[in-house]
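So you can see what is in the structure, the chains are spelled out below.
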Amino acid sequence: MNRWIERQRCLVDFTVSSLLRRRGKNLGLILVYTAIVFVLASVMLFGQALRREAAAVLSHAPEIVVQRMVAGRHDTIPTAYLDSIRAIRGVVQAEARLWGYYFDPGLSANYTLMVPTDRVVEPGTATIGHAIARLRDARAGTPLFLLSERGKMHKFTVAATLEPDSELVAADLMLVAERDFRSMFAIPADAVTDITVSVRNPREVGTIATKISRALPDVRVITRGDILRTYEAAFNWREGMVLVLMVGAVLAFLILAWDKASGLSAEERREIGILKAVGWETSDVIRQKLWEGALISLTAFLFGYALAYLHVFGFDAALFEPALKGWAVLYPRFGLRPSVDAFQVGTLMVLTVLPYILATVVPVWRAATIDPDMAMR
Amino acid sequence: MRYVRSSGIAFGIVCGGLLLCAATWLVAGLAGDGATASRARLVHDLQLTDLALFTEARYTRHPSQADLHSAFQNHPTALDHFPSGSLRAPPDFRTLRHEPVD
Amino acid sequence: MIRLNDVTKVFNQGRHNEHRAVAGVTLDIEDGRVTVLRGPSGSGKTTLLTLIGCLARPTSGRVRLDGRDISSLPERFLTEIRRSTFGFVFQRFNLIHGVSVLENVMLPAYPLGGDHGALRRRALALLARLGLNGKSDARAEWLSGGEAQRVAIARALINDPRVIIADEPTANLDTALSRAFLDIVGELKAEGRTLILTSHDPRVCEAPVVDRVVTMRDGELVRDLVEA
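Source: prediction; values computed, not measured.

**So, the overall build of chain A**
Next up, step 1: On a plain count of helices and strands, chain A comes out with 13 helices and 12 strands.
Next up, step 2: Scaling as 2.2 N^0.38, a compact globule of 377 residues should have a C-alpha radius of gyration of about 21 Å, whereas chain A reaches 31 Å, well beyond that.
Next up, step 3: The dimensions of chain A, computed from C-alpha atoms along their principal axes, are 100 × 45 × 40 Å.
Next up, step 4: By sequence separation, contacts in chain A at least 24 residues apart represent 80% of the contacts at least 6 residues apart.

Next up, the structure:
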């Protein structure tokens, strides 16, 4: 056993000397390889953490949301509909929601104004999301001026800021009193934005949703299941920008491996001949090449993955910000909980480490079996 | 000076990488649920329906609430204005169906 | 004792460029002696050398090492024997470029997986003995012709082989270095090793240290001169 270990160590000694011959090239190789793994792992970790977060957090979303459609667009819903909904058997509670968008022309930012049902907001004040506080450098007591659609200026004094942790769900929220909301958006007292419904038996959600849409023909019903499904496919590697990123990384990787796989040079062949002539067996030659492939790919994989983890969970996936932010001005701090999916890591490892090792070893296979007497010539 | 074998250094580097990765596993395992729980509470209290990921436009801000033709709101064949369109797949219409009427 | 019995080596058998390099050679090589294979280029002496040293297998005929038939052994055993019994010094030295001299010398012993520290000391001692102190960390391609040959000799000696085989050892050396080489040959012979050389250099063939000169032409033995 000891002999075997010592033998492998000797092979690795030679592998390292061999790699150090082309120091620059091999260092560049490892760096590029690490970068590729970094990109792939970052996307994988980020997408997975976000999906997991969405599933955990949105499982507390309203069970049913009822919207009214006018000419294919989302319009306000009369409060009278509340009674029709409450009359349906199985409905425990139906609540009105008041929320809407406000575009701040000074900062080109979109806020979501909302009237909370769980707390009291004093008229003339607002509780703002942490990202708004960051953007406008606002804290308790800061005045905010919003221009209503009628051209009237509304002043809101910041009463409180939501916690920084809540940015992922409440970055752009502005919680205001009902009176101020209706005045801002000129919404009459008998209309609300939409209605949320809770049911007694969760298994009945589908049935009750159908009943609601039958009772009120101009509404659209969204269930919690629909909400969760929307986020299940977020950052899916099969879509759009992520797909482009993955394809780019895979192509770069193939080019890397191609350089290895495209056969041995005369110099390399000569060296194998020499090694065999001085007493190395075919299996030793192949094993040495295996170590070469394994050392490079394992180093690149381990460090690329660790860096990706640090990037996503330590730096909030900062490198993705330009792509994700788009035209938005308000951008949340994710604060995602670190999580590792062994299956995904394993898949990534198999996809990046294995092909590289094969690309290194396979060309050597044939050359390693030549008769060592060729070295004499 | 004691002689250091290059294989020792090579294995050392790989082990270093392994330790880093093991550390990530450990951190992930020990990570607290606090932030997620507080967000979930807020979602419940305010009856929120979406993550505040894309604040560029109405239909990107609340993807789960956007109606089926919101993507075509400006023009039926208009391309996605925003990167969010390429990051979020449109809902799978096959599973959007509720219980059949009747 | 190495015995060759009617050994033949044919390259590219059956194809249009079939070439018989060695034809029906029967030869006994005695232990502890210096034997030189002489002949013009193309005479098959290098091929015969590869057959003696287990670098290749004969197309027909037998090669026996101490009575044991090695011509039909599988590759693994052949390599094992080659590693422990024979040390090679190639005509063009065949050192691995870009790797240090010390590592070049230690290479043949790597697959054995023995004590690395002891191996390293042995290699350094060999280099010192051949006057290559201080060159152990130099890269192989920086060496002069004479230095490279001595490194090649050190490499050949690392596994303490009984037989040293050298192909045209003085072909790239001047007179002074050739004489130095023959001195080393004398030392190795005094240690009880067997030496087999190929050469068409008269300085080698007529050197006093050489015990026997075997002449070859067109793959066959021509004359057998034994010098006392």
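Next, the rest of the story.
**Re the overall build of chain B**
Next up, step 1: Of the regular secondary structure elements, chain B holds four helices and zero strands.
Next up, step 2: The order of α-helices and β-strands along chain B, N terminus first, is α-α-α-α.
Next up, step 3: Taking all 102 residues of chain B together, 31% fall into the buried category.

**Comments concerning helix 1 (residues 45–52) of chain C**
All names here are of chain C.
Next up, step 1: Here helix 1 lies mainly inside the structure; eight of its eight residues are buried.
Next up, step 2: Turning to helix 1, its buried residues number three or more, namely K45, T46, T47, L48, L49, T50, L51 and I52.
Next up, step 3: Positioned one or two residues after helix 1, C54 has a phi angle of 60°, which is positive.

**Side note on the packing of helix 2 (residues 23–58) of chain A against helix 13 (residues 342–368) of chain A**
All names here are of chain A.
Next up, step 1: For the pair helix 2 and helix 13, interaxial distance at closest approach is 11 Å and the crossing angle is 160°. Regarding the angle of helix 2 to helix 13, the classification is roughly antiparallel. Here helix 2 and helix 13 pass one another in a crossing that is right-handed. Counted together, V37, L40, A41, M44 and Q48 of helix 2 and Q344, L348 and T352 of helix 13 form the full contact between these two elements.
Next up, step 2: Of the residues assigned to the contact of helix 2 with helix 13, the class counts are five nonpolar, three polar and no charged.

**Overview of the interface of chain A and chain B**
Next up, step 1: Listed by partner, the interface residues are 76 residues for chain A and 56 residues for chain B.
Next up, step 2: A breakdown of the residues in the side of chain A that touches chain B according to their chemical character gives 42 nonpolar, 20 polar and 14 charged.

**Some details on the pairing of strand 6 (residues 86–89) of chain C**
Residue and element names in this part refer to chain C.
Next up, step 1: A two-sided burial pattern is seen for strand 6, the buried positions comprising F86 and F88 on one face and G87 and V89 on the other.
Next up, step 2: Across four bridges, strand 6 lies against strand 7 (residues 163–167) in parallel orientation. Among the inter-strand pairings, G87 is bridged to a residue of strand 7, identified as I164.

**Comments concerning the domain arrangement of chain A**
Residue and element names in this part refer to chain A.
Next up, step 1: Each assigned domain of chain A is listed here: domain 1 (2–58 + 234–376) and domain 2 (77–192).
Next up, step 2: Look at where the C-alpha atoms of domain 1 and domain 2 centre, and you get two points 49 Å apart.
Next up, step 3: In this complex, domain 1 contributes eight residues to the contact, which on the side of domain 2 involves 13 residues.
Next up, step 4: Residue composition of the side of domain 1 that touches domain 2, by class: five nonpolar, one polar and two charged.

**Here's the deal with the confidence of the model for chain B**
All names here are of chain B.
Next up, step 1: Averaged over every residue, the pLDDT of chain B is 76; the share at 70 or more is 63%.
Next up, step 2: Predicted confidence is poor over residues 98–102, with pLDDT under 50, and the contacts of this stretch with residues over four places away or in other chains come to nine contacts.
Next up, step 3: As scored by the predictor, the complex reaches a pTM of 0.85 and an ipTM of 0.88.

**Digging into the nonpolar core**
Next up, step 1: Within the largest apolar cluster, 175 residues are counted, with the highest numbers of intra-cluster contacts made by V105(C) and V151(C).
Next up, step 2: Broken down by element, this core gets its largest block of residues, 15 residues, from helix 2 of chain A.
Next up, step 3: Once you skip the residues sitting within four places of it in the chain, V105(C) turns out to touch A123(C), L126(C), L127(C), V151(C), A154(C), R155(C) and I158(C).

**Points about the environment of V158(A)**
Residue and element names in this part refer to chain A.
Next up, step 1: Relative to the helices and strands, V158 is located in strand 8 (residues 153–161).
Next up, step 2: Taking the C-alpha atoms as reference points, V158 and A133, separated by 25 residues in sequence, lie 9.3 Å from one another.
Next up, step 3: Residues within four places of V158 in sequence aside, it is in contact with A126, I128, A138, R139, A140, G141, T142 and L144.

**Comments concerning the environment of N201(A)**
Residue and element names in this part refer to chain A.
Next up, step 1: Within the secondary structure, N201 is located in the loop between strand 11 (194–199) and helix 7 (205–215).
Next up, step 2: The exposure class assigned to N201 is exposed, which follows from the 10 C-beta atoms found within 10 Å.
Next up, step 3: C-alpha separation for the pair N201 and G90, spaced 111 residues apart in sequence, amounts to 7.0 Å.

**Focus on the sheet that holds strand 1 (residues 2–11) of chain C**
Next up, step 1: The four strands lie next to each other as 2-1-4-5 (chain C), forming an open sheet whose pairing is antiparallel. On the outer flanks of this sheet lie strand 2 (19–29) and strand 5 (68–69) of chain C, each paired with one strand and no other.

**Looking at the environment of E267(A)**
Next up, step 1: Here E267(A) lies in helix 10 (residues 266–277).
Next up, step 2: It is 70 Å that separates the C-alpha atoms of E267(A) and Y102(A), two residues lying 165 residues apart in sequence.

**Some details on unusual backbone geometry**
Leave glycine aside and you will find that most residues have negative phi; peptide bonds, for their part, are mostly trans.
All names here are of chain C.
Next up, step 1: Positive phi, close to 50°, is recorded for D6, a residue that is not glycine.
Next up, step 2: Here D6 lies in strand 1.
Next up, step 3: Backbone geometry at N94 places phi at a positive 50°, although glycine is not the residue there.
Next up, step 4: By secondary structure assignment, the location of N94 is in the loop between strand 6 and helix 3 (101–106).

**Brief notes about the pairing of strand 7 of chain C**
Here is the key point about a regular strand: its side chains alternate between the two faces of the sheet.
All names here are of chain C.
Next up, step 1: The buried fraction of strand 7 amounts to four of the five residues, a majority that puts the element mostly inside the structure.
Next up, step 2: Both strand 7 and strand 8 (residues 194–198) contribute to a ladder of five bridges, which runs parallel. Paired with I164 across the two strands is L195, which belongs to strand 8.
Next up, step 3: In this fold, the crossover linking strand 7 to strand 8 by way of helix 6 (residues 175–190) has right-handed handedness.

**Let's talk about the packing of helix 2 of chain A against helix 8 (residues 224–232) of chain A**
Residues and elements named next belong to chain A.
Next up, step 1: With their axes 9 Å apart at the nearest point, helix 2 and helix 8 run at an angle of 170° to one another. Comparing the axis directions of helix 2 and helix 8 gives the class roughly antiparallel. Contacts between helix 2 and helix 8 involve R51, A54, A55 and L58 from the first element and I227, L228, Y231 and E232 from the second.
Next up, step 2: Grouping the amino acids of the contact of helix 2 with helix 8 by side-chain chemistry returns six nonpolar, no polar and two charged.

So, how was this worked out
- Along each chain, the written sequence defines residue order, and numbers are assigned to residues from 1.
- Each chain is given a letter, starting from A, and each ligand a number, starting from 1, according to the order in which they appear as written.
- For this predicted model, a pLDDT threshold of at least 70 governs which residues receive local features, and a threshold of 80 or more governs which side-chain atom pairs are given and counted, while totals over whole chains, interfaces and linings are taken from all residues.
- Counting from the N terminus, the helices are DSSP H or I runs at least four residues long and the strands are E runs at least two residues long.
- This radius of gyration counts C-alpha atoms alone. The globule rule is 2.2 Å times how many residues there are, raised to the power 0.38.
- For every residue pair, C-beta atoms are placed from the backbone, and the pair is scored as a contact if these atoms sit within 7 Å.
- With C-beta atoms placed from the backbone, a residue counts as buried when 20 or more other C-beta atoms lie within 10 Å of its own, as exposed when 12 or fewer do, and as partly exposed for counts between those limits.
- The axes are straight lines fitted to the C-alpha atoms, using for helices just the contacting stretch, and the angles between their N-to-C directions are given from 0 to 180°.
- An angle counts as roughly parallel when it lies under 35 degrees, as roughly antiparallel when it exceeds 145, as roughly perpendicular when it falls between 65 and 115, and as oblique in every other case.
- For any helix crossing, the convention is left-handed if the near helix is rotated counterclockwise from the far helix by under a right angle, and right-handed if that rotation is clockwise.
- Throughout this entry, Asp, Glu, Lys and Arg are counted as charged residues, while Ala, Val, Leu, Ile, Met, Phe, Trp, Tyr, Cys and Pro are counted as nonpolar. The remaining residues, Gly among them, count as polar.
- Whether two strands pair depends on DSSP finding at least two bridges between them.
- These domain limits were set by an automatic method or by a database of domain assignments.
- Scored from 0 to 100, pLDDT reflects the predictor's confidence in each residue.
- Working definition: the nonpolar core is a set of buried Ala, Val, Leu, Ile, Met, Phe, Trp, Tyr and Cys residues, joined through C-beta atoms within 7 Å.
- A clockwise course of the path from the first strand over the helix to the second, judged with the strands pointing away from the viewer, identifies a crossover as right-handed.

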